[in-house]
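Structure assessment
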Amino acid sequence: MRVIEEGLCKAGLWDVYERDVLQLDPILIHMQQVGMPLDGEIREDRAKKLAEKQAAVKAELEALTPIEARRIAHVYKKPPADVTGLNHREVLLRRVRCSVCGVENPRKDHFKRFVKKVNLCADAERRNCTEPGDEYYRLADYTPSRNQLIAYHNHLNRALPLVWDRKERRHKVSFNEEQMKKLILKFPCDKMYPLILDYRGLDKLAGTYIGRYIAD
Ligand SMILES: [Zn+2]
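A few points on the structure. (Residues numbered from 1 in each chain as written. Predicted model: local features only at pLDDT ≥ 70, side-chain atom pairs only at ≥ 80, totals over all residues. Heavy atoms only, no water.)

Here we come to the packing of aromatic side chains. One pass over the structure, following the stated rule, counts three aromatic pairs. Aromatic pair W14 and Y17: ring centres 5.1 Å apart, planes at 50°, arrangement tilted. Here Y17 and W14 lie together in helix α2 (residues 14-34), a separation of three residues that amounts to about one turn. Relative to Y193, the ring of Y152 has its centre 6.4 Å away and its plane inclined at 75°; by these criteria the two rings are edge-to-face. Of this pair, Y152 sits in helix α4 (residues 146-155) while Y193 is found in helix α6 (residues 192-210), placing the two residues 41 residues apart along the sequence. The structure contains a cluster of three or more aromatic residues connected by ring pairs, namely Y152, F187 and Y193. One Lys or Arg, R89, reaches over the ring of Y137 and ends 4.5 Å from the middle of that ring. Directly above the aromatic system of F114 lies the positively charged group of K117, at a separation of 4.7 Å from the ring centroid. (Phe/Tyr/Trp six-rings, centres within 6.5 Å; stacked < 30°, edge-to-face > 60°. Helix = DSSP H or I, 4+ residues; strand = E, 2+ residues; numbered from the N terminus. Lys NZ or Arg CZ within 6 Å of the ring centre and 35° of its normal.)

Below, the structure written as structure tokens:
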């Protein structure tokens, strides 16, 4: 204790120790013993406001993420009847067509030889071809996750932030606060990084202090 006292005095921190630990402790203990009043209505209201704020930041993050860096949840083999909310892109599609008339997926009777009638496709065959066409796909719900950040970096050809893991004795990808602050300095025009920190701050508030708002 004497060493600690000396060190605190030398660093000019003895006053802080006295005020924030010695004097504050009895107050905190008293609060713990009698309990603190809780206003359920106000708490719920703040949780709701916090959730709205968090949703707004998340929407901003989603808008900043290029579509190519998003995870695709599903690719439709055929264009679905209802395409609302879906994305599409031009791709090379595999098709099987009649080599003469070009009809798609011709069946055996398409090449049938008749006695009285002439079938122009009688000598034709099924031909595999690739042709440009629209492919519909659905994006996975956006979350500002570690994987999403990795995809964002890969898409922009940016090096992934690495930290040395002492236990595993190797470099590991990390988007911890320190790395995020470095990224903000490295890419000052990129709004993604500061927004991610905002999001995490709100998430911490909601998860640890205010409580998450669950709409009924
Ligand atoms: Zn044909």
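That was the structure; now back to the text.
This paragraph deals with the coordination of the zinc ion. Looking at the metal site, the zinc ion is ligated by C98 (SG), C101 (SG), H110 (NE2) and C121 (SG), spaced 2.0 to 2.3 Å from it. Of note is the zinc ion, whose four donor atoms meet at the metal with angles of 104 to 114° in an arrangement that counts as tetrahedral. All donors to the zinc ion come from one chain, and their sequence spacing reads C-x2-C-x8-H-x10-C. Of the two residues, C98 sits in strand β2 (residues 87-98) while C121 sits in the loop between β2 and β3 (126-139), which places them 23 residues apart along the sequence. Taking relative accessible area as the criterion, C98 reaches 3% and is therefore assigned buried. (Donors = N, O, S within 2.8 Å, 3.2 Å for Na, K, Ca; no water. Tetrahedral: all angles 85-135°; square planar, octahedral: opposite > 155°, others 65-115°. Buried < 20%, exposed > 50% of the residue type's maximum accessible area, 1.4 Å probe, protein only.)

Moving on, we get to the pattern of salt bridges. As enumerated under the stated definition, the model contains 16 salt bridges in all. The partner of K49 in a salt bridge is D45, and the shortest N-O contact between them spans 3.0 Å. Remark: D45 and K49 occur in helix α3 (residues 40-64); sequence separation between them is four residues, near one turn of the helix. Two residues, R170 and E168, come together in a salt bridge whose shortest N-O distance is 3.1 Å. Salt bridges here are not isolated pairs; linked through shared partners, they connect R95, R97, E104 and E131. (Salt bridge = Lys/Arg side-chain N within 4 Å of Asp/Glu carboxyl O.)

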